[in-house]
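Residue-level structural notes
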Amino acid sequence: MTLPERVRQEAWLTRFWAELTPAQKRRVLGRLRRGEPPAARSEAEAAPVWDALGLPERNALVFGTGLPRTGG
C-alpha cells in the first residue's frame, strides 16, 4: 500500500498525539516500546516522539518495520 493510500484509509496517522483516541495511543505506545532501544516507555515520552515523526516514519512504526535503530 502506498503512503497516500494508507493516509486515506488511516487518517489518524496525520493527527497529533493529543488528538488520538485512547486505543490509537495504546497501539502507538506498544510499537514505540518494542523498539530496540525503546523509543518511549510511557504516554508522556510517546507524545513528543509521535508528534515529531513524519508520515513515512509513522507509517513504518504502526504498519511496517518500526522506527530505525538509534545509537550503537
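Residue positions are counted from 1 within each chain, in the order its sequence is given. Residues qualify for local features only when their pLDDT is at least 70, as the model is predicted, and side-chain atom pairs are given and counted only at 80 or more; totals for whole chains, interfaces and linings, by contrast, use all residues. Remark: hydrogens and water are excluded; side-chain values derive from all non-hydrogen atoms of the structure.

1. Considerations on the environment of V7
The way it works is that DSSP assigns letters per residue, a run of H or I at least four long becomes a helix, a run of E at least two long becomes a strand, and they are numbered from the N terminus. Within the secondary structure layout, V7 lies in helix α1 (residues 3-9). Separated by 56 residues in sequence, V7 and F63 place their C-alpha atoms 12 Å apart.

2. Focus: helix α3 (residues 43-52)
Any residue under 20% of the maximum accessible area for its type is buried, any over 50% is exposed, and the rest in between are partly exposed; the area is computed with a 1.4 Å probe on protein chains only. Taken together, the buried positions of α3 are A46, A47 and W50. Mapping the buried residues of α3 onto a view down its axis gives an arc of 110°, with all of them on the same face. Of the exposed residues in α3, those oriented more than 90 degrees away from the buried face are A44, P48 and A52. Contacts are assigned to residue pairs with any non-hydrogen atoms lying within 4.5 Å of each other. Taken together, the buried residues of α3 touch α2 (22-33) and α4 (55-63). Each C-beta atom gives one direction from the helix axis, and the arc is the one those directions make.

3. Here we look at α2
Expected span of a helix, by definition, is 1.5 Å for each gap between consecutive residues, and there is one gap fewer than residues. With twelve residues, α2 extends 16 Å from end C-alpha to end C-alpha; this agrees with the ideal 16 Å at 1.5 Å per step. Of the residues making up α2, those classed as buried are Q24, K25, V28, L29, G30 and L32. Next to the buried residues of α2 lie α3 and α4.

4. A few points about the side chain of E10
Relative to the helices and strands, E10 resides in the loop between α1 and α2. Contacts described as polar in this section are N or O atom pairs within 3.5 Å, which, within protein, must combine one atom able to donate a hydrogen with one able to accept it, while residues neighboring in sequence count only if both atoms come from side chains. In terms of polar contacts, E10 uses its side chain to reach the side chain of W12, at 2.9 Å.

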